[in-house]
Amino acid sequence: MAPFLYVQEEYENVRRALDESLRYDYGPGQTVDYYEECRFRLDGIQAELERLGQGGAAPVSAIVSQLWDLANRLTLIERSHLGEFSWPFADAIRVIASPLLLENEGLEGGHQPIIHMIAEGTSYQITSEKVMGPNKRRRLYTVAFPRQLKHHVLMHALFGHELGHATFYSSRASDLFSSDPLSIQLTKILRREGHLRDAASVMAWLRSEDAPERVKQRMKGITAVITEASLEHWIVELICDLFGLAIFGPAFVAAHRTYLEPSCKNPHQIEIEKTSHPSYALRRSVLVSALRVLGWLDPVATAANSELLNAERSLIDYIGGPVESWTEVFTPDQLCEAMATISRHFNATGTPLAQRPSEDVLADLVGRIGKHLPPIREEVDEEGVSTTHPVRLEEQLYAGWTYWLGHEALDAQPLDFYSLNQLCDLALLQQQAIDLSAGRRKL
């Protein structure tokens, strides 16, 4: 078969696959967006095929590459239908991600990204198209939920880290207040001083006298040195952890420890020869230090509500417990400046910064969980009329983790982790309905 005839056949195959994809349901507002973007891309490919058929000089391989890319996008649809992941949390991710990932088109305004949800294997991921060609209008982001954790919304706070990675690929990562992209600004802050300022400093730190014994043993006989490229990967991962903290607050740190700690045979494990992630011990230490500089290791509950205070302290002890001084690689000033830079970027893009609930809100939410009710805020008067109140996502997650880690201090009915997550998942859905009815959000 001649190359041109093959490309025509492949075009028809992709066109049929796109038409068949309409039988899947992504959730409100997503089917049309995804389909129209794919149709736009396919129409662009068709125009190139017509020019090629009329004697144009465009390489066949370039068209094949576009078709295969589009075909891969369509295969993701089969893992995106409702029921494979938490739809309320998926919707929350879209709300958070849309202003962060808006494509800045200058005088032409901006193009909203398309946030596509799928059920995946065991990891949380957000992948994005890094190169946009003439036949692409809106950038596609794929958010992968671990299939086995579809209802575990307390764990889904880990998406805060992935949103950091996704943001750095977006044109919105350019800051109105600086000529440097956001990732460069934060890298300069965190590499300004300290043990991670350059590769030589990292090696000196790893070989220092106050290093943990397991690190000393690991470094014996090691002749390889960490590269600047690996150090840059470390910094990006730590920045994305801070990003997750900024989006979801202490709930991110609780999920981070719960998810990563069990998989670490050695929390100080570092593969010098090839490393893309810092050790778990270092990542945890940076988050604990950031919590401290933000003042989030002081409870919002007071002695007047002793049960709630003790429960919240259990959460704080879990996320902010003692860490080895050797792992404290950034100064408080560096972390304050980094978090302030992220906050400024959030303000510029209209992205809410995480807040902890007030004592009254936390008491209401935890109290409802203790009664096996979804953590929303609702008052019912003597006539049976219900009044509801706004509750932020990170407040619901904070309450969920407070209950789970501090339930022994509460006078509450026992609840397993899966059931707790189901309650929190239902609360997200109810809160979205409440906010819609009150005009605080749109479909």
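Small disclaimer: the values here were computed from a predicted structure and weren't measured. (Residues numbered from 1 in each chain as written. Predicted model: local features only at pLDDT ≥ 70, side-chain atom pairs only at ≥ 80, totals over all residues. Heavy atoms only, no water.)

Details of the overall build of the protein
Operational definition: A helix here means a DSSP run of H or I that spans at least four residues, while a strand means a run of E at least two residues long, and both kinds are numbered starting from the N terminus. Burial classes: relative accessible area under 20% of the type maximum marks a residue as buried, over 50% as exposed, and values in between as partly exposed (1.4 Å probe, protein chains only). By definition in these notes, contact holds between two residues if any of their heavy atoms fall within 4.5 Å. Note on areas: Shrake-Rupley with a 1.4 Å probe; residue coverage comes only from the protein chains shown.
Within the protein, the regular secondary structure consists of 16 helices and seven strands. Buried positions account for 52% of the 443 residues belonging to the protein. Taking contacts inside the protein between residues at least 6 apart in sequence as the whole, the part at least 24 apart equals 77%. Total accessible area on the protein stands at roughly 20,100 Å², and carbon and sulfur atoms take up 53% of it.

Considerations on the packing of helix α9 (residues 228-248) against helix α10 (residues 250-260)
Using the following cut-off: Only C-alpha atoms enter the line fits that serve as axes; for helices the fit covers just the stretch in contact. Angles between N-to-C directions range over 0 to 180 degrees. Convention used here: angles under 35 degrees read as roughly parallel, angles over 145 as roughly antiparallel, angles from 65 to 115 as roughly perpendicular, and any remaining angle as oblique. Throughout this entry, Asp, Glu, Lys and Arg are counted as charged residues, while Ala, Val, Leu, Ile, Met, Phe, Trp, Tyr, Cys and Pro are counted as nonpolar. The remaining residues, Gly among them, count as polar.
It is at 6 Å that the axes of α9 and α10 come closest, and there the two elements cross at 130 degrees. Classified by the interaxial angle, the pair formed by α9 and α10 is oblique. Contact residues: α9 offers D241, G244, L245 and F248, while α10 offers P250, A251, F252, V253 and H256. In terms of residue class, the contact of α9 with α10 is built from six nonpolar, two polar and one charged.

Things to note about the environment of S276
Tracing the sequence through the fold places S276 in the loop between α10 and α11 (280-294). When the C-alpha positions of S276 and A229 are compared, they lie 8.7 Å apart, and in sequence the two are 47 residues distant. Those residues in contact with S276, other than ones at most four positions away along the chain, are H233, W234 and E237.

Regarding the packing of aromatic side chains
Put simply, the test is: Pairs were defined over the aromatic rings of Phe, Tyr and Trp, the Trp ring being its six-membered one, requiring ring centres within 6.5 Å. Orientation was assigned from the angle between planes: stacked under 30 degrees, edge-to-face over 60, tilted for the rest. Should the NZ of a Lys or the CZ of an Arg lie within 6 Å of a ring centre and within 35 degrees of the ring normal, that charge is described as sitting over the ring.
Overall, the coordinates contain eight aromatic pairs when judged by the stated rule. When the centroid spacing of 5.0 Å and the interplanar angle of 90 degrees are considered together, the rings of Y124 and F159 count as edge-to-face. You can see Y124 sitting in the loop between β3 (114-120) and β4 (125-128) and its partner F159 sitting in helix α5 (residues 159-169), a full 35 residues away along the chain. Classification of F159 by relative accessible area gives buried; the value is 0%. On the basis of an interplanar angle of 45 degrees and a centroid distance of 5.8 Å, the ring pair of W401 and F417 is categorised as tilted. One end of the pair, W401, is in helix α15 (residues 393-406); the other, F417, is in helix α16 (residues 417-437), and 16 residues separate them in sequence. A cation sits over an aromatic face here: R257 above Y318, 4.5 Å from the ring centre.

Digging into the sheet that holds β3
Strands belonging to one sheet form pairs held by backbone hydrogen bonds; the direction of such a pair is parallel or antiparallel. Filter applied, for reference: For two strands to be treated as a pair, DSSP must find at least two bridges joining them.
Pairing in this open sheet of three strands is mixed, and the strands run β3-β5-β4 from one edge to the other. Two strands in the sheet have a free side with no partner beyond their single neighbour: β3 and β4. With strand direction ignored, the average angle separating the axes of adjacent strands in the sheet is 25 degrees. Where β3 and strand β5 (residues 140-146) come together, seven bridges link them in parallel fashion. Opposite A119, over in β5, you have F145 as the bridge partner. Contacts between helix α4 (residues 87-101) and the sheet are confined to β3 and β5, with β3 contributing the most and set at about 140 degrees to the helix.

Side note on unusual backbone geometry
In this model, H372 sits at a positive phi of 65 degrees, which is unusual for a non-glycine residue. Within the secondary structure, H372 sits in the loop between α14 (359-370) and β6 (377-380).

Looking at the environment of P278
Note that P278 resides in the loop between α10 and α11. A sequence separation of 42 residues divides P278 from V236, and the C-alpha atoms of the two residues are 9.8 Å apart. When near neighbours in sequence (up to four residues on either side) are disregarded, P278 contacts W234, E237, L238 and R283.

Comments concerning the nonpolar core
The test is simple: Here, nonpolar core means buried Ala, Val, Leu, Ile, Met, Phe, Trp, Tyr and Cys residues that are tied together by side-chain atoms lying within 4.5 Å of each other.
Residues F89, L196, L206 and F248 are the most contacted members of the largest nonpolar core, which totals 104 residues. The leading source of residues in this core is α9, at twelve residues. Beyond its immediate chain neighbours, meaning those up to four positions away, L206 contacts A211, V215, M219, I270, I272 and W326. Y34, Y35, L49 and L70 belong to the second largest nonpolar core, which has 18 residues in total.

Details of α9
Basically, it comes down to this: An expected span of 1.5 Å times one less than the residue number is assigned to each helix.
For α9, with 21 residues, the first-to-last C-alpha span of 30 Å sits near the 30 Å given by 1.5 Å per residue. Buried residues dominate α9, accounting for 16 of its 21 residues. G249 lies just past α9 and shows a positive phi near 70 degrees.

What about the pattern of salt bridges?
We apply this condition: In what follows, salt bridge is the name for a side-chain nitrogen of Lys or Arg lying within 4 Å of a carboxyl oxygen of Asp or Glu.
Tallying each qualifying case throughout the model produces 13 salt bridges. For R192, the salt bridge identified is with E193, shortest N-O distance 3.9 Å. A salt bridge links R257 to E261, with the nearest nitrogen and oxygen atoms 3.2 Å apart. On the basis of relative accessible area, R257 is assigned to the buried category, the value being 18%. Because the salt bridges share partners, they merge into one network encompassing R191, E228 and E232.

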